[in-house]
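# Structural features, examined
Chain residues, written in single-letter form:
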Amino acid sequence: MESIKVKDLKAGMYVKISEAWLKHPFLRNEFIISSDSQIRQIIDHGIEIVSIDPTKSVMSIENLENISHSDKDLTPPTRWNPEKLMSADLKEAIQDTRMAKEDKAKRVYESSLQMMGKLLDSPTAENIKQSKEAIADLVDMILREPDTSGYLLNITFHDFYTYTHSVNVGILSIMVSKEIFKNSDAHDMHELGAGFFLHDIGKTKVHPEIINKPGRLTDDEMFKMRTHPYQGYKILEQTNQLSEECKIIVMQHHERENGTGYPRRLRKGEIHPYGKIGCISDIFDALTAERSYKQALTPYEALKLMKEQMINHFEEEIFKGFVLLFS
Ligand SMILES: [Fe+2]
Ligand SMILES: [Fe+2]
């Protein structure tokens, strides 16, 4: 629990009012804020400071509508030449049959990274559409060329974190999906690939100072960060790129089997297997990434930690499928 000014409260936050029960109009001292009018009631009663517990906060589609409004017009810095069509580079790398597999994996990875860089700097409808086409080619390559994919798995390149993270989670998740769904054609692997690569596209709507902050986030920063699944959903919806697969993955990749995830605190059967796959890859990549404030774990150490300390966050079958990738 941390203190927060009442004016900074948002719908969905789990709030604790320390004033005596008689001094405010609510039934309990602790509850989830469900509307702006409740915030106004707290203000009207002269209460200025309350405590919030982000781990118990819930974000529903409705109350997320108003969140991060001030960040909406953020234009992230452009690091890549927007004139250059990076997805074309990726397609070219994938189609190259002459290159040694290891070199090809490197080139495919670097082109994916550049494409994600361009996309996350500028998530326009056109860029999302072109990236989805290139991701479909990449998915086909992962399904078709296990040797090249094996090399892809070995590459670690952790500079621009969200870019590399998106590519890593995309590659890992497609490989797990292949493992779990085998050759079942009930799954649209291209749309799945798009969903996994784009899972964090909503981070483009969260302030870069929060995204790049080394170390612990404050409760308010954490709350804003946790809006990114819904922000991603909105971007894909507004750009007409929202397939059912993308929607599930973008919205559910932070939900955990034991109900401790966000934004909806879903549990077990409420979470779609696509969301569960995204969640495992996401955690694994975060653990194995080197950041300014933490050392990277080796894949073995990360899997060990996930098994020993987080196993109730995952569905067993999917975790087993994930571990198989590294055996
Ligand atoms: Fe995420
Ligand atoms: Fe992520």
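Residues numbered from 1 in each chain as written. Chains lettered and ligands numbered in written order. Predicted model: local features only at pLDDT ≥ 70, side-chain atom pairs only at ≥ 80, totals over all residues.

The subject of this paragraph is the overall build of the protein chain. A tally of helices and strands in the protein chain yields 15 helices and four strands. Sorting the 327 residues of the protein chain into buried and exposed places 41% on the buried side. (Helix = DSSP H or I, 4+ residues; strand = E, 2+ residues; numbered from the N terminus. Buried ≥ 20, exposed ≤ 12 C-beta atoms within 10 Å, placed from the backbone.)

Taken in spatial order, the four strands make up an open sheet running β1-β4-β2-β3, and their pairing is antiparallel. Sheet topology places β1 (2-5) and β3 (30-32) at the edges, where each strand pairs with a single neighbour. Averaged over neighbouring strand pairs, the angle between their axes works out to 40° when direction is ignored. With three bridges connecting them, strand β2 (residues 14-16) and β3 associate as antiparallel partners. Residue pairing across strands places Lys16 opposite Glu30, the latter belonging to β3. (Pairing = 2+ DSSP bridges. Axes fitted to C-alpha atoms, helices over the stretch in contact; angles between N-to-C directions.)

On average, residues of the protein chain score 82 in pLDDT, and 86% of them reach the 70 mark or higher. Within the protein chain, the element-level pLDDT minimum falls on helix α2 (residues 61-64), averaging 50, and the maximum on helix α13 (residues 273-288), averaging 96. Counting contacts from residues 66-83, a segment whose pLDDT is below 50, to residues more than four positions away or on other chains yields 29 contacts. (pLDDT = per-residue confidence, 0-100. Contact = placed C-beta atoms within 7 Å.)

Only one face of strand β4 (residues 49-52) is buried, namely the one carrying Val50 and Ile52, since none of Ile49 and Ser51 on the opposite face is buried. Pairing of β1 with β4, which is carried by four bridges, proceeds in the antiparallel orientation. Looking at β4, one finds that Ile4 is bridged to Val50. As defined by bridge partners, β2 adjoins β4 across two bridges and the pair is classed as antiparallel. Bridge pairing in β4 links Lys16 to Ser51.

The next point concerns α13. An ideal rise of 1.5 Å per residue puts 22 Å on 16 residues; α13 measures up with 23 Å between its terminal C-alpha atoms. The element α13 is largely enclosed, with a buried count of 12 among its 16 residues. Looking at the buried positions of α13, the neighbouring elements they touch are α7 (161-181), α8 (189-197), α12 (244-252), α14 (299-309) and α15 (316-324). (Expected span 1.5 Å × (residues − 1).)

Let's shift gears to α15. Taken together, the buried positions of α15 are Phe319, Gly321 and Phe322. Along the axis of α15, the buried positions cluster into a sector of 160°, meaning they face one direction only. Among the exposed residues of α15, those oriented more than 90 degrees off its buried face are Glu316, Glu317, Lys320 and Leu324. Elements that come into contact with the buried residues of α15 comprise α7 and α13. (Arc of directions from axis to C-beta.)

All right, on to the packing of α7 against α15 then. At a closest axis distance of 9 Å, the pairing of α7 and α15 adopts a crossing angle of 115°. Crossing of α7 against α15: the hand is right-handed. Between α7 and α15, the contacting residues are Val176, Glu179 and Ile180 on the first element and Ile318, Gly321, Phe322 and Leu324 on the second. Among the residues making up the contact of α7 with α15, the classes are represented as five nonpolar, one polar and one charged. (Left-handed = near helix turned anticlockwise from the far one by under 90°. Nonpolar A, V, L, I, M, F, W, Y, C, P; charged D, E, K, R; others polar.)

Okay, the nonpolar core next. With 52 residues, the main nonpolar core has Met116, Leu138 and Ile280 as its most contacted residues. When sequence neighbours within four positions are dropped, the list of residues in contact with Met116 reads Tyr163, Ser166, Val167 and Phe197. Among the nonpolar cores identified, the runner-up in size contains 11 residues, and Ala11, Val15, Ile42 and Phe223 belong to it. (Core = buried A, V, L, I, M, F, W, Y, C linked by C-beta atoms within 7 Å.)

To continue, consider the environment of Gly202. Looking at where Gly202 falls in the secondary structure, it is placed in the loop between α8 and α9 (208-211). The exposure class assigned to Gly202 is buried, which follows from the 23 C-beta atoms found within 10 Å. Placed 79 residues apart in sequence, Gly202 and Pro123 show a C-alpha to C-alpha distance of 9.4 Å. When sequence neighbours within four positions are dropped, the list of residues in contact with Gly202 reads His228, Pro229, Tyr230, Gln231, Gly232, Ile235 and Val250.

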